[in-house]
Amino acid sequence: MRAIWKGAVSFGLVSIAVKLYSATQEKDIRFHQVHRADGGRIRYKRTCSVCGEEVNYDDIAKGYDIGGGEMVVLTDEDFADLPLTTSHAIDVLEFVPAEQVDPILYNKAYFLEPEGTATKPYVLLRDALVDAERVAIVKVALRQREQLATLRVREGVLLLNTMLWPDEVRKPDFGFLDEDITVRPPELAMASSLIDSMAGEFQPDAFTDDYRAALQEVIDAKVEGREVVAPEEVEEAPAAAVDLMAALRASVERARAARGEQPEAGEPTPISAARSAQQAPAQKAPAKKAPAKKAPAGKAAGKATEKKAAPKKTAEKKTAQKKAEPAAEKRTGARKAAPKKAARKTA
């Protein structure tokens, strides 16, 4: 990392020399505007809207639009006397509980590294903040602007979080805030059940930027000259639910199913109980049609089956008799022929 600023943390009468580093970095894939035909970069010229001439950086001043097409031009001399400190100091104003700082005020984050012999007072301030369970409210001049910020500890390092000024946070002004909307206790209870079923421990590494990964895959495919594989289609979001309770119940069941949780034996789920209640009248109607008469019908069917099976057995017996008759005749003929042979021998 490269230090972007050097200064000192003013902690009472203690001065801690530090270097400032950007704690975050954007991972967005950036593109250049190019000519579609030949891939040439598109360049823009700084031209004056009045005279049409191209303007150099040295001739560019700052202008404030006061409306009606009028512009107030400010020069470097106008900015020279402004009360913007150039001392490169981080002045600690007070120490407050961290929960009192609304996260919406946080803007950008920077790491602070001790410089030179400032390591011991740096560690002293760090450990004191941890023991007090507070954050330091500071003021610092960065990028030609005075900024409100906090100092807190993260992974053993002092972290400077620049903050928005209170008047930079917009006030929500939406029509529904003035409407009298009543939430029923069962709906609130079901929503709480849904939250409980989806509760977990936040692990940032478990989440990824799928769009950026797919875009990088497309770029790599273009570079390698191979076929681009289309990413899997994302399941469409369900339409707005008309029945809030039904949507909440279904969400709870789906969340539990995703975690592999099953209801206890005999315990109906909210959706299955509702379905059973709807299907019960339809199942009772056919049950009134004399179920006792079905038993004789079964016996009659059994007798009919026996009668049908009887001719088959009779036919099998006749066939066996027909096969046995020629064999019997052959045996009888053989017995009759035996005395003749004996008579010839006697003669």
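Preceding block: the structure.
Residues numbered from 1 in each chain as written. Predicted model: local features only at pLDDT ≥ 70, side-chain atom pairs only at ≥ 80, totals over all residues. Heavy atoms only, no water.

*Asks:* I keep staring at the overall build of the chain and nothing clicks. Help me out?
*Replies:* Helix and strand counts for the chain come out as 7 helices and 9 strands. The burial tally for the chain puts 15% of its 347 residues in the buried class. Here the analysis covers contacts within the chain between residues at least 6 apart in sequence; of these, 58% occur between residues at least 24 apart. (Helix = DSSP H or I, 4+ residues; strand = E, 2+ residues; numbered from the N terminus. Buried < 20%, exposed > 50% of the residue type's maximum accessible area, 1.4 Å probe, protein only. Contact = heavy atoms within 4.5 Å.)

*Asks:* Help me understand the layout of surface pockets, please; the structure alone is not making it clear to me.
*Replies:* A probe as big as a water molecule, rolled over the atoms, marks out the empty space that is left. Here the second largest pocket is characterised by a volume of approximately 280 Å³. Along the walls of the second largest pocket sit S22, A23, T24, Q25, E26, K108, A109, Y110, R143 and R154, which together make up its complete lining. The dominant element in the lining of the second largest pocket, judged by the number of residues it contributes, is strand β6 (residues 106–114), at 3 residues. Across the lining of the second largest pocket, the residue classes tally to 3 nonpolar, 3 polar and 4 charged. (1 Å grid on protein atoms, 1.4 Å probe; cavity = no way out; pocket = protein on both sides within 12 Å on 5 of 7 lines; lining within 4 Å. Points joined across faces, edges and corners; volume = space filled by probe spheres on them. Nonpolar A, V, L, I, M, F, W, Y, C, P; charged D, E, K, R; others polar.)

*Asks:* Would you mind showing me how to read the pairing of strand β2 (residues 14–22) here?
*Replies:* Of the pairings in the sheet, the one linking strand β1 (residues 5–11) to β2 comprises 7 bridges and is antiparallel in character. Bridging from a neighbouring strand, W5 pairs with L20 of β2. Between the antiparallel neighbours β1 and β2 lie 2 residues, among them G12 with a positive phi of about 65°. Sheet topology places β2 next to β6; 5 bridges connect them, and they run antiparallel. Counted as the bridge partner of L20 is L112 from β6. (Pairing = 2+ DSSP bridges.)

*Asks:* Please explain unusual backbone geometry as it appears in this structure.
*Replies:* With glycine set apart, most residues show a phi of negative sign, and most peptide bonds adopt trans. The phi dihedral of E133 falls on the positive side, at around 55°, and the residue is not glycine. By secondary structure assignment, the location of E133 is in the loop between α2 (119–132) and β7 (134–142). You can call E133 exposed: its relative accessible area is 66%. Positive phi outside glycine occurs at E155, with the angle close to 55°.

*Asks:* Explain the packing of helix α3 (residues 185–197) against helix α5 (residues 244–258) to me, please; I cannot follow it from the model alone.
*Replies:* Packed helices, taken two at a time, are described by the angle between their axes plus the distance between the axes. For the pair α3 and α5, the least separation of the axes is 9 Å and the interaxial angle reads 20°. Taken together, the axes of α3 and α5 are roughly parallel relative to one another. Considering only the axes of α3 and α5, their crossing is left-handed. Contact residues: P186, E187, M190, A191, S193, L194 and S197 in α3; L244, M245, L248, R249, S251, V252, A255 and R256 in α5. Partitioned by chemical class, the residues of the contact of α3 with α5 number 9 nonpolar, 3 polar and 3 charged. (Axes fitted to C-alpha atoms, helices over the stretch in contact; angles between N-to-C directions. Parallel < 35°, antiparallel > 145°, perpendicular 65-115°, else oblique. Left-handed = near helix turned anticlockwise from the far one by under 90°.)

*Asks:* So what exactly am I meant to see when it comes to α5 here?
*Replies:* What sets the pattern is the α-helix's 3.6 residues per turn: residues three or four places apart point alike. With 15 residues, α5 should reach 21 Å at 1.5 Å per residue; the first-to-last C-alpha distance of 21 Å fits that figure. Listing the buried residues of α5 in full gives M245, L248, V252 and A255. Along α5, the residues classed as buried sweep out an arc of 95° about the axis, all on the same side. Among the exposed residues of α5, those pointing more than 90 degrees away from its buried face are R254, A257 and A258. (Expected span 1.5 Å × (residues − 1). Arc of directions from axis to C-beta.)

*Asks:* Explain the pattern of salt bridges to me, please; I cannot follow it from the model alone.
*Replies:* Opposite charge on two side chains permits them to pair, given that their charged atoms come into close proximity. In this structure the tally under the stated criterion is 6 salt bridges. Between E115 and K6 there is a salt bridge, with the nearest N and O atoms lying 3.7 Å from each other. Highlighted residues: E115 in the loop between β6 and α2 and K6 in strand β1, separated in sequence by 109 residues. One salt bridge in this structure joins R154 and E155, with 3.8 Å as the shortest N-O distance. Look at R154 and you get partly exposed, because its relative accessible area is 40%. (Salt bridge = Lys/Arg side-chain N within 4 Å of Asp/Glu carboxyl O.)

*Asks:* What's the story with the sheet that holds β7 in this structure? I'm lost.
*Replies:* In a beta sheet, neighbouring strands pair by backbone hydrogen bonds and run either parallel or antiparallel. Strand order in the closed barrel formed by 7 strands is β1-β2-β6-β9-β8-β7-β5, and the pairing between neighbours is mixed. Between one strand axis and the next, the sheet turns through 40° on average, direction left out of account. Here strand β5 (residues 89–97) runs beside β7; their pairing, made up of 6 bridges, is antiparallel. Bridged to V92 within β7 is V138. Where α2 meets the sheet, it contacts β1, β2, β5, β6, β7, β8 (145–154) and β9 (157–163), and its direction lies at approximately 70° from that of β9.

*Asks:* Honestly, the side chain of E187 in this entry has me stumped. Any pointers?
*Replies:* Residue position: E187 is located in helix α3. Residue E187 is classed as buried on the basis of its relative accessible area of 12%.

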